[in-house]
Number of protein chains: 2
Amino acid sequence: MRRLNANSEDFAKQFARIVNDRRESDENVATDVRAIIQQVRQKGDDALVDLSMRYDKHALTADLSSWRIGKDQCRAAFDMLIPDVRQALVMAAERIRAYHEGQLPQDRDYRDEKNVRLGARWSAVEAAGLYVPGGRAAYPSSLLMNAIPAKVAGVDRLVVTTPTPRGQMNDLVLAAAHICGVDEVWRVGGAQAIAALAYGTQRIQPVDVIVGPGNAWVAEAKRQLYGVVGIDMVAGPSEILVIADEENDPDWIAADLLSQAEHDPSSQSILITDDEGYAAAVEDAVDVLLAQIDTKGVARQSWETHGVVIVVDSLLDDAPALADRLAAEHVQIATDDPEAIFDCIRHAGSVFLGRHTPEAIGDYVAGPNHVLPTGRRARFSSGLSVLDFMKRTSFISLDEKALGELGPAAVTLAEIEGLPAHAASVKVRL
Amino acid sequence: MRRLNANSEDFAKQFARIVNDRRESDENVATDVRAIIQQVRQKGDDALVDLSMRYDKHALTADLSSWRIGKDQCRAAFDMLIPDVRQALVMAAERIRAYHEGQLPQDRDYRDEKNVRLGARWSAVEAAGLYVPGGRAAYPSSLLMNAIPAKVAGVDRLVVTTPTPRGQMNDLVLAAAHICGVDEVWRVGGAQAIAALAYGTQRIQPVDVIVGPGNAWVAEAKRQLYGVVGIDMVAGPSEILVIADEENDPDWIAADLLSQAEHDPSSQSILITDDEGYAAAVEDAVDVLLAQIDTKGVARQSWETHGVVIVVDSLLDDAPALADRLAAEHVQIATDDPEAIFDCIRHAGSVFLGRHTPEAIGDYVAGPNHVLPTGRRARFSSGLSVLDFMKRTSFISLDEKALGELGPAAVTLAEIEGLPAHAASVKVRL
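Residues numbered from 1 in each chain as written. Chains lettered and ligands numbered in written order. Predicted model: local features only at pLDDT ≥ 70, side-chain atom pairs only at ≥ 80, totals over all residues. Heavy atoms only, no water.

## Quick look at the pattern of salt bridges
All told, the structure shown has 44 salt bridges over all chains when counted by the stated rule. The closest approach of N and O atoms between D208 of chain A and R379 of chain B, which form a salt bridge, is 2.7 Å. Here D208 of chain A is found in the loop between α8 (190–199) and β8 (209–211), whereas its partner R379 of chain B is found in the loop between α15 (359–364) and β15 (390–397) on a different chain. Here D208 of chain A and R379 of chain B have matching classes, each one buried. Of the charged contacts in the structure, one is a salt bridge between R355 of chain A and D245 of chain A, with a shortest N-O distance of 2.9 Å. Of the two residues, R355 of chain A is situated in the loop between β14 (350–353) and α15 (359–364) and D245 of chain A in the loop between β10 (239–244) and α10 (250–261); the sequence distance between them amounts to 110 residues. (Salt bridge = Lys/Arg side-chain N within 4 Å of Asp/Glu carboxyl O. Helix = DSSP H or I, 4+ residues; strand = E, 2+ residues; numbered from the N terminus. Buried < 20%, exposed > 50% of the residue type's maximum accessible area, 1.4 Å probe, protein only.)

## Remarks on the environment of G383 of chain B
Mapped onto the fold, G383 of chain B is located in the loop between α15 and β15. Residue classification places G383 of chain B among the buried positions, given a relative accessible area of 5%. Along the backbone, G383 of chain B and P373 of chain B are 10 residues apart, and their C-alpha atoms lie at a distance of 6.0 Å. Among all residues touching G383 of chain B, those that are not within four sequence positions of it are R392 of chain A together with V371, L372, P373 and D388 of chain B. (Contact = heavy atoms within 4.5 Å.)

## Side note on the interface of chain B and chain A
Taken together, the 127 residues of chain B in the interface contact 126 residues of chain A. Roughly 10300 Å² of surface becomes buried between chain B and chain A when both sides are summed, with 57% attributable to carbon and sulfur atoms. When the buried surface of chain B facing chain A is broken down by residue, Y226, R346 and R429 of chain B rank first, second and third, together holding 8% of it. On inspection of chain B and its partner chain A, the count reaches 14 salt bridges. In this structure, E339 of chain A engages R117 of chain B in a salt bridge whose closest nitrogen and oxygen atoms are separated by 2.9 Å. Across the contact surface, chain B and chain A share 76 residue pairs in polar contact (both at pLDDT 80 or more). The element best represented in the side of chain B that touches chain A is helix α16 (residues 400–416) of chain B, accounting for 11 residues. Taken together, the residues that form the side of chain B that touches chain A break down as 63 nonpolar, 31 polar and 33 charged. Bridging between β14 of chain A and β15 of chain B involves four bridges; their strand directions are parallel. (Buried area = accessible area lost by both parts, 1.4 Å probe. Polar contact = N/O pair within 3.5 Å; in protein donor to acceptor, adjacent residues only side chain to side chain. Nonpolar A, V, L, I, M, F, W, Y, C, P; charged D, E, K, R; others polar. Pairing = 2+ DSSP bridges.)

## As for the UniProt feature "binding site: Zn(2+)" (unreviewed entry) in chain A
Under the feature "binding site: Zn(2+)" (unreviewed entry), the UniProt entry names Q260, H263, D363 and H422 of chain A. Sequence-wise these annotated residues cover 163 residues; spatially they are dispersed, their C-alpha atoms as much as 55.8 Å apart. According to the relative accessible area criterion, Q260 of chain A is buried, its value standing at 0%. Those residues within four positions of Q260 of chain A in sequence are excluded, and the remaining contacts are S238, E239, I240, S267, Q268, S269, E329, H330 and E359 of chain A. Note on placement: H422 of chain A falls in helix α17 (residues 420–427). What makes H422 of chain A buried here is its relative accessible area of 1%. Not counting residues within four places of it along the chain, the set of residues in contact with H422 of chain A comprises A414 of chain A together with S259, E262, H263, A360, D363 and Y364 of chain B. (UniProt positions renumbered as here; feature names shortened; annotations may be inferred.)

## Overview of the packing of helix α16 (residues 400–416) of chain A against helix α5 (residues 83–101) of chain B
With their axes 9 Å apart at the nearest point, α16 of chain A and α5 of chain B run at an angle of 115° to one another. With respect to each other, α16 of chain A and α5 of chain B are oriented roughly perpendicular. Relative to α5 of chain B, the crossing made by α16 of chain A is left-handed. Across the interface between the two elements, E405, L406, A409, T412, L413 and I416 of chain A of α16 of chain A pack against D84, V85, A88, L89, M91, A92 and R95 of chain B of α5 of chain B. Its residues placed into classes, the contact of α16 of chain A with α5 of chain B shows nine nonpolar, one polar and three charged. (Axes fitted to C-alpha atoms, helices over the stretch in contact; angles between N-to-C directions. Parallel < 35°, antiparallel > 145°, perpendicular 65-115°, else oblique. Left-handed = near helix turned anticlockwise from the far one by under 90°.)

## Thoughts on the relation of the copies chain B and chain A
Expressed as a screw operation, the relation of chain B to chain A combines 0.0 Å of axial shift with a rotation of 180°, fitting to an RMSD of 0.0 Å. This pairing of chains is accounted for by a two-fold axis. For chain B, the residue whose C-alpha comes nearest the rotation axis is R223 of chain B, separated from it by 4.1 Å. The overlap is high: 99% of the interface residues of chain B also sit at the interface in chain A, so the same surface is used on both sides. (Least-squares fit on C-alpha atoms with pLDDT ≥ 70 in both.)

## Here we look at the domain arrangement of chain A
Residues and elements named next belong to chain A. As far as domains go, chain A holds domain 1 (30–114 + 123–231), domain 2 (236–379) and domain 3 (398–427). A C-alpha centroid distance of 30 Å is found between domain 1 and domain 2. Summing both partners gives a buried area of about 1000 Å² for domain 1 against domain 2, and 55% of it is carried by carbon and sulfur. Viewed at the interface, domain 2 and domain 1 are joined by four residue pairs in polar contact (both at pLDDT 80 or more). Elements with a minimum of two residues in the side of domain 1 that touches domain 2: α5 (83–101) and α6 (140–153). (Domains from an automatic or database assignment.)

## Side note on helix α3 (residues 45–56) of chain B
Residue and element names in this part refer to chain B. For α3, which comprises 12 residues, the first-to-last C-alpha distance of 15 Å matches the rise-based estimate of 16 Å (1.5 Å per residue) to within 8%. Buried within α3 are the following residues: D45, A47, L48, L51, S52 and D56. When α3 is viewed along its axis, its buried side chains cluster within an angular range of 140° and face the same direction. The inward-facing, buried residues of α3 contact α2 (30–43) and α8 (190–199). Positive phi shows up at K57, right after α3, with a value of about 50°. (Expected span 1.5 Å × (residues − 1). Arc of directions from axis to C-beta.)

## Structural notes on the packing of aromatic side chains
Evaluated as defined, the whole model comprises five aromatic pairs over all chains. Both rings, one in F11 of chain B and one in F15 of chain B, keep their centres 5.6 Å apart while their planes meet at 25°; by these two values the pair is stacked. With F11 of chain B and F15 of chain B both in helix α1 (residues 11–20) and four residues apart, this pair spans about one turn of that helix. Relative accessible area serves as the criterion here: at 10%, F11 of chain B is assigned to the buried category. Look at F15 of chain B and you get buried, because its relative accessible area is 2%. Lying over the aromatic face of F78 of chain A, R86 of chain A brings its terminal NZ or CZ to 5.6 Å of the ring centre. (Phe/Tyr/Trp six-rings, centres within 6.5 Å; stacked < 30°, edge-to-face > 60°. Lys NZ or Arg CZ within 6 Å of the ring centre and 35° of its normal.)

So, in structure tokens, the structure goes:
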């Protein structure tokens with residue numbers, strides 16, 4: 001953990017180092033991934049059989065159940081949930097659905113002053129693929145957050161692929177798939193799953209958009225196949241920026257910081273406060289909580305390597321500019337008037353306002369999506385939404401009179417651009 | 001040109017071949033581009049000096065005017081336009097601006113039934129870069145279509161980079177830059193320009209989003225830097241699908257088909273009609289027009305290699321399904337009731353309705369963007385819009401009571417996911 005003071009001489013330099021710190025691995029997997037994609041494209045299901053055995057020790061056989069998890073199995077997993085968990089998942093799903101329904105875009109259709117009809121129609125993609133990792137990050141909440149926007153968008157066919165290492169399945173994920181109405185669940189993982197979704201195989205029909213978290217191979221496969229299909233954002237390690245004054249219980253803020261740190265050793269938690277003594281109190285509270293939690297190994301590594309505490313003179317005057325430089329995935333503002341600070345922040349994935357809004361509420365049950373831009377990408381990208389599963393078709397309609405008014409200008413421009421057939425297509429109609 | 005009849009035995013097979021025809025080059029430039037990006041990252045402006053000399057024979061010297069084209073120069077180019085051209089460009093810009101202003105998204109801010117405050121705020125990216133090619137495709141209309149959405153979005157800084165081979169500039173492009181209020185114009189091209197925009201150099205400040213057409217090197221650089229910055233879609237050769245009955249003058253439809261064909265030898269023009277005799281008449285009209293236009297070399301190559309004429313029984317019953325398979329960039333519906341067909345089409349970049357709406361009107365003056373998804377990408381992506389220059393920040397605010405209602409479910413889910421600090425951050429507040 002590093003403690004910085006905004007008044008220290010070399011603060012600008014130290015802060016710049018934090019902003020530019022790349023926590024993402026440069027693992028060079030591009031060549032491996034290219035070979036895997038090629039193999040799946042050429043050999044289809046046979047490639048999946050080979051690769052699943054090699055990487056997941058899972059045998060894809062003539063028995064369809066080795067390939068696919070049926071809807072009945074997902075329903076059974078849902079039925080077996082203990083009531084508390086079932087209620088929590090259902091409530092989360094309902095709230096996520098309600099929030100995302102409000103994202104559905106409006107079509108446009110109007111006539112302008114020249115009687116030109118203009119507009120745009122939105123429609124859902126036909127099929128979406130959702131990657132669910134097999135290991136530590138196989139979270140049912142993540143399935144809800146990725147699947148529900150697709151369903152709200154109106155996707156016809158929602159396909160999950162997930163590795164089942166040594167045949168092992170995650171019942172919580174299957175239960176979540178049941179809740180979301182996932183149409184197909186395939187027991188395939190890694191770059192080969194992304195290739196199968198993009199190009200299709202004998203058994204797996206291709207999709208149009210692929211979303212969901214994954215390891216470096218999965219991320220690289222999505223990047224290489226971007227353009228063949230649509231993909232969600234390139235994702236990196238999670239991060240939180242907490243802006244808090246000394247009126248907060250240090251234990252609360254310590255828990256907020258560690259809730260990001262426990263995700264991954266490369267996660268980052270940053271506190272900005274305006275009180276030196278409070279900073280120390282939070283640091284102490286972090287140490288106390290660290291000793292208590294089962295995820296202490298990961299959380300301590302993250303906190304010690306990437307944790308930062310910054311003391312500034314004034315939260316309102318100083319924090320927003322620092323927040324914009326960081327463009328963090330999560331920004332929590334724990335003050336009496338969080339709105340005043342929020343109004344000055346331009347770049348953030350999601351903002352959590354007030355003392356009673358811990359970020360974890362947004363991970364599970366608040367409603368907005370928890371798939372958010374990381375690694376300063378909030379400068380130019382947004383959290384997952386129904387728009388990631390939709391596309392827009394613009395349209396234009398002119399009558400003879402409107403063409404008479406607009407046509408000559410189009411002819412002029414086509415001619416200066418050296419495109420005579422463009423010009424002709426207008427001129428013949430004038 | 002291939003003529004297909006929907007009633008022929010092997011139509012399905014032949015049509016599938018057209019759908020799967022990849023007209024995009026597989027030029028393997030990835031390694032070159034990786035080296036160029038590395039060079040610009042390490043050496044900054046010095047790399048630009050070397051690469052501009054090597055590829056563009058343009059000397060970037062101590063004289064700033066060798067690097068940058070000033071606003072005064074853009075204004076001068078505008079002032080020198082002949083009146084017809086000036087009026088056409090200004091009219092196009094105004095109509096494009098008006099259409100894109102209607103795309104500005106609405107913020108959300110509401111309280112749900114549990115008194116949880118939820119919402120989302122949209123904001124523009126700070127800086128956008130726009131690549132303008134130097135050669136055949138340096139179109140002023142393209143500058144308008146890329147720059148105006150950025151300005152409407154509210155981008156603070158709009159930067160154009162364009163190669164000036166042997167020092168040569170394109171005055172029409174400069175005039176268009178003046179009309180759009182472009183903030184900076186840099187005389188740098190190729191993959192090195194994209195790298196400079198993404199990472200910045202001593203002279204060029206980095207941007208957040210890069211858009212605009214380019215050759216294979218430019219496209220590959222954008223793909224490799226996707227994630228460091230936002231980019232617009234991966235673009236391929238242009239295409240048009242014209243759905244027309246025999247009531248259209250064959251000369252009109254021939255001009256429409258050739259208006260795509262003249263863009264590039266890899267462009268594709270497809271006609272679907274319901275009359276065998278009319279198909280032949282259009283083919284004859286294409287041959288006549290081909291003999292007349294200056295772009296005949298390119299247009300003939302495109303038409304002969306990629307042109308397709310499909311005769312179906314019924315436009316209304318048969319054309320929409322074929323159109324969806326093709327998911328074409330441009331779809332023109334030249335019938336008396338184009339709406340009936342449009343209502344059945346789901347995948348298209350932009351649709352041109354009626355006999356008096358040639359696609360070229362959309363290229364220049366209608367208002368909607370002419371940067372559209374190609375190569376079947378209309379299945380999952382949309383034309384350029386103000387949203388490409390904006391991002392959304394979601395927000396959540398709970399009071400003590402709301403946390404009391406939502407908190408326990410979040411704790412339950414955090415615990416089953418094995419994330420104790422997530423659970424703690426809620427529990428300490430309950």
